[in-house]
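As a plain string of letters, each chain reads:
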Amino acid sequence: MNARKSLESKRVTNERSSALLTNSTLQSNIQANDSQKVLENPERTIQAIDRRTKKATEVNNELRCSVMCGDPNTSLIASILWYYQTYSELREKINADPSENIVDYLVDLDRLDDIVKCFKSIKILDEEKRVIELYNTGRQKLIEASDKAILCHTHLISPNDLIDLCKLTSPPPSDPESSHVFDLGTFRIIFEWFLEHGLQQGLINSYASKRSAMIRDSLQSLAKNLQNKCMRRNSATLLTNNYRTTARRASVSLGSLGDTLKTTLTGIRHLTPSPITNRRKSICKSMLLEPDVTPNQNLSVNNSSSPRPFSSDQETNNYKTLLDALYVLLLHDFDLLFYVFSDEYKALILPKLVKSPLHYMQQEAQRLCTDIQQLSHKIDTEKFAFYGLFSIIRWFHKSENMFNKIYDENFLAPEHHFEIILSAIFENSIVECLNAILGEVQNDSSPLSQRRSVHPLMLNVLSFMEGLFEYRDVISHKRFSRSPNIVDSSSEEKYLFNLENFFSDLIKNLLENIMKKMNTLIPYNERMGRTIFLLNNTNYLLKQLESSPLLVMIENKQPNIRAQLKETVQKCVQTYRKCYTPFTMTIREMLNNPSVKHFSDNPLKEGDREVLKASFTKVNEIIDTLRNQNQQYTVDDAHQRHYLRTESKKKVLEPFKTYYNQFAHIDFTQNSEKYKRYNPPMLESIIDSFFEH
């Protein structure tokens with residue numbers, strides 16, 4: 001029994017072992033199959049690679065053999081191989097500085113461009129992208145080299161150096177061998193390369209903007225320094241400060257004042273330099289401008305000065321200096337264009353070149369005109385600032401032919417001619433100022449002149465007219481612009497304004513204002529004061545116009561102006577003579593009194609003595625009144641002063657002599673000094689003292 005159990009137990013154990021062994025065998029077979037599959041995949045991969053390698057080797061050998069045999073159908077492959085080799089060679093050269101050998105650099109860049117085209121044609125995208133990146137690097141380095149060539153000599157010109165250039169009458173021409181021309185020659189080589197590739201616009205913009213900025217910055221620097229120094233001439237300063245005292249006397253003629261104004265109303269020296277290059281020497285003689293000041297005018301810049309406010313003609317003189325400097329700078333750049341660009345591109349570059357400096361000059365012109373228009377005494381002490389606008393227009397007139405030649409030579413279109421654009425600002429400002437001056441005279445509310453002499457307004461207006469007459473060449477010149485003419489809207493607007501109309505309106509407003517002052521500021525019962533005031537001003541106006549060419553211009557619009565002024569003067573003299581009527585009537589009443597005829601023959605009664613005392617007292621009072629009145633006033637014109645005295649003597653001396661001879665010897669009082677205060681010689685001496693300052 002035990003043996004049976006033991007055998008059964010072994011059998012079970014063996015079955016279990018057999019099942020376990022069977023299971024292990026199955027797992028081993030599965031793993032073996034998996035391992036076999038793993039081993040078979042690399043083998044197939046290796047076989048595929050081996051097959052492809054053999055095929056590629058065979059094709060490569062065939063290609064090499066074809067190349068060796070000179071087969072024309074395989075030139076593309078040879079080019080590709082050459083481009084790969086060339087790219088490796090050019091990579092270092094393109095990343096280097098092109099300025100060392102610009103020609104070789106451009107050749108290498110063209111070779112690189114060929115590589116780009118090749119890879120693009122066969123659509124090797126990765127290689128194409130890499131070569132394009134290197135090509136763009138080369139182009140950028142060319143742009144940097146061109147900027148360096150432009151900026152190498154595009155430096156701000158100091159104000160002193162710029163003024164020295166304006167003072168030169170014959171500066172040396174540009175030397176083609178000079179360094180800045182050589183550098184721009186490098187720029188021209190680069191530009192031609194960009195032009196061949198249709199990429200020239202960027203370089204045109206870069207060149208024009210940098211050179212234009214240099215001109216603008218140089219002008220700004222010069223303007224700042226000119227503002228910091230006093231450029232007013234001593235003669236103009238003295239004339240302005242002492243004007244009221246030197247122009248009061250009627251004996252001062254407008255002609256001599258005009259000569260003085262002609263001397264003092266001069267600007268900064270306009271010395272247009274000779275062209276910078278030899279090719280412009282044929283234009284040089286016709287381009288010289290006449291100087292406006294003496295040759296010893298000091299134009300050095302005082303950098304230590306502080307900014308000055310707007311004052312008189314200093315600002316307009318400064319602007320003319322800026323115009324001189326602008327011309328010199330533009331002429332210099334026009335010459336550089338001759339070396340750098342062909343004629344067909346000048347028309348593209350010049351408008352960009354002048355844009356920035358022209359804009360700056362426009363701003364300065366507008367500021368200057370606004371300042372002058374805001375001046376409140378343009379007819380008086382600030383008239384020199386207004387005259388300065390005409391001197392600027394005259395500068396444009398003198399330079400018109402000169403600039404036309406330069407524009408024609410450099411193909412600059414009329415819409416970019418800066419003298420046309422700038423002059424329009426000044427022309428419009430002049431018209432605005434002239435209308436303001438008419439209103440200034442019409443509405444003048446200044447007080448009466450002392451001692452009823454010639455009113456300052458009369459002096460100022462006539463002086464202003466004489467000064468303005470000196471610019472008749474500017475006024476009669478055709479306008480650069482065609483903006484509306486406010487002063488003379490009926491004209492054809494060819495000229496700045498009608499000077500005859502303006503002078504006629506100005507005299508009309510002046511006389512109306514003088515009459516208004518007399519009627520509103522002098523009481524009506526002050527007859528002598530009213531008469532002397534009107535006589536002084538009317539006679540002064542008449543005398544000055546008769547000695548001036550202004551009268552002819554005014555008579556064209558007011559034919560009767562001279563006769564009207566003479567009539568007014570004559571009426572004033574007649575009115576003045578009437579001031580002696582109380583004196584002559586008193587004398588005549590006494591002489592014609594029948595009761596006084598016996599005074600010299602019979603002893604005087606007490607009543608007769610009282611009549612004589614009253615008569616002499618009244619005569620003394622009238623003489624005192626006449627003396628006080630006449631010595632309060634001034635007659636400015638010496639001839640008119642003598643004439644009034646002579647008329648006064650004719651009016652009173654003879655009657656007074658008769659009166660005095662008839663009654664003065666009569667003993668009617670013990671206090672003769674009280675009643676017989678005046679005798680004919682004394683009265684004549686008193687009349688001779690009338691109207692003196």
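Residues numbered from 1 in each chain as written. Predicted model: local features only at pLDDT ≥ 70, side-chain atom pairs only at ≥ 80, totals over all residues. Heavy atoms only, no water.

An unreviewed UniProt entry annotates the protein as Exocyst complex component 7 of Rotaria magnacalcarata. Per UniProt, the protein carries the Sequence similarities (unreviewed entry) text "Belongs to the EXO70 family." In its Function (unreviewed entry) section, UniProt records this for the protein: "Component of the exocyst complex involved in the docking of exocytic vesicles with fusion sites on the plasma membrane." (UniProt positions renumbered as here; feature names shortened; annotations may be inferred.)

**A short note on helix α13 (residues 343–373)**
The end-to-end C-alpha distance of α13 is 43 Å, a good match for the 45 Å that 31 residues give at a rise of 1.5 Å each. Of all the bends in α13, the greatest reaches close to 40 degrees and is centred on K355; the proline P357 follows between one and four positions later. (Helix = DSSP H or I, 4+ residues; strand = E, 2+ residues; numbered from the N terminus. Expected span 1.5 Å × (residues − 1). Bend = angle between axes of the 7 residues up to and from the residue.)

**What about the packing of aromatic side chains?**
Following the criterion strictly, the structure yields 22 aromatic pairs and no others. Aromatic side chains Y387 and F464 sit 5.8 Å apart centroid to centroid with 20 degrees between the ring planes, which places their arrangement in the stacked category. Here F464 lies in helix α16 (residues 456–469) and Y387 lies in helix α14 (residues 383–410), a separation of 77 residues in the sequence. The class of Y387 is buried, set by a relative accessible area of 1%. Ring centres of F668 and Y675 lie 6.2 Å apart, and the angle between their planes is 65 degrees; on these two criteria the pair is classed as edge-to-face. The class of F668 is buried, set by a relative accessible area of 2%. (Phe/Tyr/Trp six-rings, centres within 6.5 Å; stacked < 30°, edge-to-face > 60°. Buried < 20%, exposed > 50% of the residue type's maximum accessible area, 1.4 Å probe, protein only.)

**Remarks on the confidence of the model for the protein**
Across the protein, the average pLDDT comes to 75, with 67% of residues at 70 or higher. Between residues 175–180, whose pLDDT stays under 50, and residues either more than four places distant or in other chains, the model counts six contacts. (pLDDT = per-residue confidence, 0-100. Contact = heavy atoms within 4.5 Å.)

**Some details on the pattern of salt bridges**
Summed over the entire model, instances satisfying the criterion amount to 17 salt bridges. The salt bridge partner of R367 is E315, with a shortest N-O separation of 3.2 Å. In this pair, R367 sits in helix α13 while E315 sits in helix α12 (residues 314–340), placing the two residues 52 residues apart along the sequence. Taking the relative accessible area as the measure of exposure, R367 reaches 33% and is therefore partly exposed. Two residues, K517 and D444, come together in a salt bridge whose shortest N-O distance is 2.9 Å. Separated by 73 residues along the polypeptide, K517 in helix α18 (residues 499–521) and D444 in the loop between α15 (418–442) and α16 bring together distant segments of the chain. Owing to a relative accessible area of 18%, D444 belongs among the buried residues under this scheme. Connected via shared salt-bridge partners are E315, E364, R367 and D371. (Salt bridge = Lys/Arg side-chain N within 4 Å of Asp/Glu carboxyl O.)

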